[in-house]
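# Commentary on secondary and tertiary structure
These are the residues of each chain, in order.
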Amino acid sequence: MKKTALFDKHCSLGAKMVPFAGFEMPVQYTSVTDEHFAVRERAGMFDVSHMGQFLIEGAEAKNLLQYVTTNDIALLTDGKAQYSCLPNGSGGIVDDLIIYKMNDEKYFVVVNASNIEKDWAHISKYNEKFGAKMTNLSDEMSLIAIQGPLALQVLQKLTPVNLSEIPYYHFSVGVVNEIPNVIISNTGYTGSGGFEIYFENQYAEKLWDAISLAGKEEGLIPCGLGARDTLRLEKGFCLYGNDIDDSTSPMEAGLGWITKLQKGDFINREVFAKQKEEGVTRKLVGFELLEKGVPRHGYEVVDSEGKVIGTVTSGTSSPMKKIGIGLAYVPTEFSKPSSEIFIQVRNKHLKATVVKLPFV
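Residues numbered from 1 in each chain as written. Predicted model: local features only at pLDDT ≥ 70, side-chain atom pairs only at ≥ 80, totals over all residues. Heavy atoms only, no water.

Spelled out, the test is: UniProt positions are given in the numbering used here, feature names are shortened, and annotations may be inferred rather than shown by experiment.
The name given to the protein in an unreviewed UniProt entry is Aminomethyltransferase, with Bergeyella cardium as the source organism. If you open the UniProt record of the protein and go to Function (unreviewed entry), you find "The glycine cleavage system catalyzes the degradation of glycine." According to UniProt, the comment filed for the protein under the heading Catalytic activity (unreviewed entry) is "N(6)-[(R)-S(8)-aminomethyldihydrolipoyl]-L-lysyl-[protein] + (6S)-5,6,7,8-tetrahydrofolate = N(6)-[(R)-dihydrolipoyl]-L-lysyl-[protein] + (6R)-5,10-methylene-5,6,7,8-tetrahydrofolate + NH4(+)".

Written out as structure tokens, the structure reads:
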């Protein structure tokens, strides 16, 4: 198992460590509920250094990324970030990712930890035609996410960069706690606002301690992957490997908004154009349980007659709503809000209703 540069720090804080995407990661420090509410109401910090980072440079960098991703790279200006995905050539998704435009010939790409090698191989294969310069920085970079309504207040104590001038899905490169060249990004995976900062591994512990100290007054606490999952699910954000994978199309997954057919040729454009025109047979929906229970990944979705119609991809008990919530692929006719479905929990069929995302 790999370890992030903050592994010893997590252990010293008494975090419960679990294997995740090939890394030993903290799942919780106190409780998932405490950490969840800290982020929703105040501020929390996450070590997400397991994520992968690639640098794509050169005159053909933009053209390469335009071809291998679904979103429109031409919409990016310097200092702007974009959520996108990599189609796999047969209509599925290799990974979802964030692309940061440094300048016309330099892009910083952040991918999921479990897909670092897979994504690198996939982009490299198509790069044979383009010849952009690719550098895998994944083992050299650390990433801390400071999330929550008070995150800006906390981080602002450590940087001269005016954080209130960085709009959502934009970034700046500056000094944080006297550490140079830190990428400060107004992004996150919690839906509660905040920043993600990228920097060299050697500064990880120093920055973690500085943020912890700076956030004492605001009630900032360290948070693990458990709260990260409940937070992202309450906002209906997809998790690769659960809600999207090589067998799911962006159109089925509700990611048509990052699939820009008008931008010109890209991998699987024709497949997605056809799906947009003709519609898809199944869709990823959010649902809420109307009975007591907790839906989990892999549970079957059935109709009123008990016929299996789909599968739960993500599920939990929502700390905010105090009910079972989840995401599932269902036939299109069951995808409209207020459609009635049932989740098979053990040997019971629990009634649920399809709802519009986000849950909170």
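## Here's the deal with the overall build of the protein
The line we're drawing: Helix numbers and strand numbers start at the N terminus; a helix is a DSSP run of H or I with at least 4 residues, a strand a run of E with at least 2. The atom set for the radius of gyration is the C-alpha atoms, and the globule formula is 2.2 Å times the number of residues raised to the power 0.38. Burial status follows relative accessibility: with a 1.4 Å probe on protein chains alone, a residue under 20% of its type maximum counts as buried, one over 50% as exposed, and anything between as partly exposed. Contact between two residues is taken to exist if any of their heavy atoms lie within 4.5 Å; hydrogens are not considered. Charged-residue counts in this description rest on Lys and Arg as positive and Asp and Glu as negative, His and the chain ends being excluded. Think of each charge as sitting on NZ of Lys, CZ of Arg, CG of Asp or CD of Glu.
Counting its secondary structure elements, the protein contains eight helices and 20 strands. For the protein, the C-alpha radius of gyration of 21 Å lies close to 21 Å, the compact-globule estimate for 360 residues. A buried classification covers 57% of the 360 residues belonging to the protein. Once local pairs closer than 6 in sequence are excluded, the contacts in the protein between residues at least 24 apart make up 65%. When the 37 positive and 44 negative side-chain charges of the protein are each reduced to one mean point, those points stand 4 Å apart.

## Topic: the side chain of Glu234
The line we're drawing: For this analysis, a polar contact is any N or O atom pair within 3.5 Å, provided that within protein one partner can donate a hydrogen and the other can accept it, and provided that sequence-adjacent residues contribute only side-chain to side-chain pairs.
Of note, Glu234 is situated in helix H7 (residues 225-234). At a separation of 2.9 Å, a polar atom in the side chain of Glu234 contacts the side chain of His36. Other than its neighbours up to four places away in sequence, Glu234 contacts His36, Arg40, Ser318, Pro319, Met320, Lys321, Ile325, Pro358, Phe359 and Val360.

## Brief notes about the pairing of strand E13 (residues 194-200)
On a regular strand, one side chain projects to one face of the sheet and the next to the other, so that they alternate. Heads up, the condition is: In short, DSSP must find at least two bridges between two strands for them to pair.
Summarising burial for E13: six of the seven residues are buried, a large majority. Examined bridge by bridge, strand E12 (residues 179-185) and E13 share three bridges and lie antiparallel to one another. Across the sheet, the residue bridging to Ile183 is Tyr198, located in E13.

## Remarks on the domain arrangement of the protein
For clarity, the threshold we go by: The domain limits used here are those given by an automatic or database domain assignment. Buried area is understood as the total, over both parts, of accessible area removed when two parts are fitted together, assessed with a 1.4 Å probe. One side-chain nitrogen of Lys or Arg within 4 Å of one carboxyl oxygen of Asp or Glu is enough to make a salt bridge. Under the scheme applied here, ten amino acids are nonpolar (Ala, Val, Leu, Ile, Met, Phe, Trp, Tyr, Cys and Pro), four are charged (Asp, Glu, Lys and Arg), and all others, including Gly, are polar.
Taken domain by domain, the protein holds domain 1 (6-51 + 139-234) and domain 2 (52-119). Its C-alpha centre places domain 1 at a distance of 23 Å from the equivalent point of domain 2. With 14 residues of domain 1 in contact, the opposing surface of domain 2 contributes 18 residues. Between domain 1 and domain 2 lies a buried interface of about 1,300 Å² when both sides are counted; carbon and sulfur atoms form 68% of it. Three residues stand out in domain 1 for area buried against domain 2, namely Met51, Tyr169 and Phe171, and they jointly supply 50% of the buried area on that side. For the interface between domain 1 and domain 2, the tally reads zero salt bridges. Scanning the region where domain 1 abuts domain 2 turns up six residue pairs in polar contact (both at pLDDT 80 or more). For the side of domain 1 that touches domain 2, the elements supplying multiple residues, two or more each, are strand E10 (141-147), E12 and E13. Broken down by class, the residue content of the side of domain 1 that touches domain 2 amounts to nine nonpolar, four polar and one charged.

## Comments concerning the packing of aromatic side chains
Rule in force here: Classification of ring pairs rests on two measures: the distance between centres of Phe, Tyr or Trp rings, Trp counted by its six-membered ring, which must be within 6.5 Å, and the angle between planes, read as stacked under 30 degrees, edge-to-face over 60 and tilted in between. Whether a charge sits over a ring comes down to the Lys NZ or Arg CZ being within 6 Å of the ring centre and within 35 degrees of the ring normal.
For the coordinates displayed, the defined rule picks out 11 aromatic pairs. Here Tyr100 and Tyr198 contribute two aromatic rings whose centre-to-centre distance is 5.7 Å and whose plane-to-plane angle is 75 degrees, an arrangement assigned as edge-to-face. Here Tyr100 is found in strand E7 (residues 93-103), whereas its partner Tyr198 is found in strand E13, with 98 residues between them in sequence. With respect to class, Tyr100 is no different from Tyr198; both count as buried. A connected cluster of aromatic rings, assembled from ring pairs, spans Tyr100, Phe108, Phe171 and Tyr198. The ring of Phe7 has Lys3 lying over it, and the distance from NZ or CZ to the ring centre is 4.9 Å. The ring of Tyr67 has Lys129 lying over it, and the distance from NZ or CZ to the ring centre is 4.8 Å.

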